[in-house]
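Read off the chains here:
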Amino acid sequence: EAGVAQSPRYKIIEKRQSVAFWCNPISGHATLYWYQQILGQGPKLLIQFQNNGVVDDSQLPKDRFSAERLKGVDSTLKIQPAKLEDSAVYLCASSGQANYEQYFGPGTRLTVT
Amino acid sequence: AQSVTQLDSHVSVSEGTPVLLRCNYSSSYSPSLFWYVQHPNKGLQLLLKYTSAATLVKGINGFEAEFKKSETSFHLTKPSAHMSDAAEYFCVIGSARQLTFGSGTQLTVLP
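Every value quoted in this text rests on a predicted model; they were computed, and no experiment measured them.

**Student:** Please give an account of unusual backbone geometry that cites residues and values.
**Tutor:** Of note, the bond from serine 7 of chain A into proline 8 of chain A is cis; its omega dihedral lies within 30 degrees of zero at -10°. Relative to the helices and strands, proline 8 of chain A is located in the loop between β1 (5-7) and β2 (10-13). Cis peptide bonds are those with omega within 30 degrees of zero, and the linkage from glutamine 80 of chain A to proline 81 of chain A qualifies with -5°. By the secondary structure assignment, proline 81 of chain A is in the loop between β8 (75-79) and β9 (88-95). The phi dihedral of arginine 16 of chain A falls on the positive side, at around 80°, and the residue is not glycine. Residue placement: arginine 16 of chain A occurs in the loop between β2 and β3 (19-24). Of note in this structure, threonine 72 of chain B is not a glycine but carries a positive phi near 45°.

**Student:** I'd like to hear about the packing of aromatic side chains, residue by residue, with values.
**Tutor:** All told, the structure shown has 14 aromatic pairs over all chains when counted by the stated rule. When the centroid spacing of 6.4 Å and the interplanar angle of 40° are considered together, the rings of phenylalanine 34 of chain B and tyrosine 36 of chain B count as tilted. Look at tyrosine 36 of chain B and you get buried, because its relative accessible area is 0%. Here the aromatic rings of tyrosine 36 of chain B and phenylalanine 101 of chain B are separated by 5.9 Å at their centres, their planes lie at 45°, and the arrangement is tilted. Placement of the pair is tyrosine 36 of chain B in strand β5 (residues 32-38) and phenylalanine 101 of chain B in strand β11 (residues 98-101), with a sequence separation of 65 residues. Through pairs of rings, three or more aromatic residues link up here, namely Tyr33, Tyr35 and Phe104 of chain A together with Phe34, Tyr36, Phe90 and Phe101 of chain B.

**Student:** Kindly report on the layout of surface pockets, identifying the contributing residues and their values.
**Tutor:** Which parts of space are left empty comes out when a probe the size of a water molecule is rolled across the atoms. Its volume calculated, the largest pocket comes out at about 500 Å³. As for the largest pocket, its lining consists of 26 residues, and the residues nearest its centre are Gln37, Leu39, Val89 and Arg109 of chain A together with Gln38 of chain B. Broken down by secondary-structure element, the contributors of at least two residues to the lining of the largest pocket are β9 and β11 (108-112) of chain A together with β10 (87-95) of chain B. The element best represented in the lining of the largest pocket is β11 of chain A, accounting for four residues. Considered class by class, the residues forming the lining of the largest pocket number 10 nonpolar, 12 polar and four charged. By volume, the second largest pocket is sized at about 250 Å³. Around the second largest pocket, the lining comprises 16 residues; the ones closest to its centre are Leu45 and Gln59 of chain A together with Gln98, Leu99 and Thr100 of chain B. For the lining of the second largest pocket, the elements supplying multiple residues, two or more each, are β5 (44-50) of chain A together with β10 and β11 of chain B. The class makeup of the residues in the lining of the second largest pocket is eight nonpolar, six polar and two charged.

Conventions and cut-offs
Residues numbered from 1 in each chain as written. Chains lettered and ligands numbered in written order. Predicted model: local features only at pLDDT ≥ 70, side-chain atom pairs only at ≥ 80, totals over all residues. Heavy atoms only, no water. Helix = DSSP H or I, 4+ residues; strand = E, 2+ residues; numbered from the N terminus. Phe/Tyr/Trp six-rings, centres within 6.5 Å; stacked < 30°, edge-to-face > 60°. Buried < 20%, exposed > 50% of the residue type's maximum accessible area, 1.4 Å probe, protein only. 1 Å grid on protein atoms, 1.4 Å probe; cavity = no way out; pocket = protein on both sides within 12 Å on 5 of 7 lines; lining within 4 Å. Points joined across faces, edges and corners; volume = space filled by probe spheres on them. Nonpolar A, V, L, I, M, F, W, Y, C, P; charged D, E, K, R; others polar.

Nothing here speaks to function; it is geometry throughout.
Right, here's the structure in full:
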């Protein structure tokens, strides 16, 4: 089966600009996650969707980050405006109904200059 | 709240020697625990998972981990390291389908 797809793979922007990342989960997976992984750290959950509804966004900086999952399939994560400390890898993951296992995409590496 | 602590940020071993990556957990109830591996420029891959069945869990690529409640540990081991094992390893604790990652251990395999 096809894995989790993410695009772009790399993005370089200047601070105060906006950026958007796209994720297409594994077909049939109801749950979708966005993580932020800062260099040298483990991934940190930003937001979790169940179908097209938000389950947990308690760690999402809502003044600048937003995410949506229209139609309960693919998802977009946006940052506006970006700050230097947003430089990180943004990972998308999805999981099915049966167990905890999350399948991760390759990530988008964001550099804010 | 649940958490994991990876005791070593870097581990170096010689090819063919055993690997030990250490992880301690904190949880007020029986946890689900995982090990994930991240190779450079690749996505995270699940190595193995513990979900309250057998305490010795076997994973892919010859890795295994033992859940020890008395020690609140879930260390990852492999009898013989291979060059391809060089990567970042994450100990992870899960609840309600949410995962909390440790800070990672970078494994270097020397020829």
